[in-house]
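Fold and contact review
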Amino acid sequence: MPDFLFCAKCGSDRIITDATTALKDYGSTLEVRVQANPSAVMIKGTVRGEVSARICATCGYTEFYSSNLDALWRAHEKAQQ
C-alpha cells in the first residue's frame, strides 16, 4: 500500500487505511486470482492475493490494493508464455 496518506481525488488527509473487504452475502474475504496455466483443464496454477482498501473519509474515494504481488506477477508472466 502506498506511503502517502492524502486522497488522490480531493486531497484530504482523512484516510482510512487497510480497510478489509468481504463479499456481502457470503462473508468471505475478497481476493484476486491469477492463473499461471489458464488453458489447463485441472491444475491452472492459481495464485491468490487478499484485497484491502484505502477510503477517504471526506469524499468516499476508495482505492483497492492486493497482497502477494511477486507471486501474482510470476503467475501472470508464466501465463503470457
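See above for the structure.
Report on the accompanying structure. (Residues numbered from 1 in each chain as written. Predicted model: local features only at pLDDT ≥ 70, side-chain atom pairs only at ≥ 80, totals over all residues. Heavy atoms only, no water.)

1. What about the nonpolar core?
- Within the largest apolar cluster, five residues are counted, these being Ala 36, Val 47, Ala 71, Leu 72 and Ala 75.
- Broken down by element, this core gets its largest block of residues, three residues, from helix α1 (residues 69-80).
- Contact partners of Leu 72, with chain neighbours within four places excluded, come to Val 32, Val 34, Val 47, Arg 48, Gly 49, Ser 66 and Ser 67. (Core = buried A, V, L, I, M, F, W, Y, C linked by side-chain atoms within 4.5 Å. Buried < 20%, exposed > 50% of the residue type's maximum accessible area, 1.4 Å probe, protein only. Helix = DSSP H or I, 4+ residues; strand = E, 2+ residues; numbered from the N terminus. Contact = heavy atoms within 4.5 Å.)

2. Examining empty space enclosed by the protein
- Under the criterion given, the structure shown has one cavity of 30 Å³ or more.
- Of the voids in this model, the largest cavity is the one considered here, and its volume is about 40 Å³.
- If you go around the largest cavity, the residues you meet are Phe 6, Cys 7, Ala 8, Ile 15, Arg 54, Ile 55, Cys 56, Tyr 61 and Glu 63. (1 Å grid on protein atoms, 1.4 Å probe; cavity = no way out; pocket = protein on both sides within 12 Å on 5 of 7 lines; lining within 4 Å. Points joined across faces, edges and corners; volume = space filled by probe spheres on them.)

3. So, a nonpolar patch on the surface
- A contiguous nonpolar patch, built from Leu 23, Tyr 26, Leu 30 and Phe 64 and spanning about 450 Å² of accessible area, is present on the exposed surface.
- Inspection of the secondary structure puts Tyr 26 in the loop between β1 (15-20) and β2 (31-35). (Patch = residues over 30% accessible without salt bridge, like charges linked within 9 Å, V, L, I, M, F, W, Y side chains within 5 Å. Areas by Shrake-Rupley, 256 points an atom, 1.4 Å probe, with all protein chains shown as cover. Salt bridge = Lys/Arg side-chain N within 4 Å of Asp/Glu carboxyl O.)

4. Description of the pairing of strand β3 (residues 46-56)
- Sheet topology note: the β1/β3 ladder contains four bridges and is antiparallel. Counted as the bridge partner of Ala 19 is Ala 53 from β3.
- Here five bridges tie β2 to β3, and the two strands are oriented antiparallel to one another. Among the inter-strand pairings, Val 34 is bridged to a residue of β3, identified as Val 47. (Pairing = 2+ DSSP bridges.)

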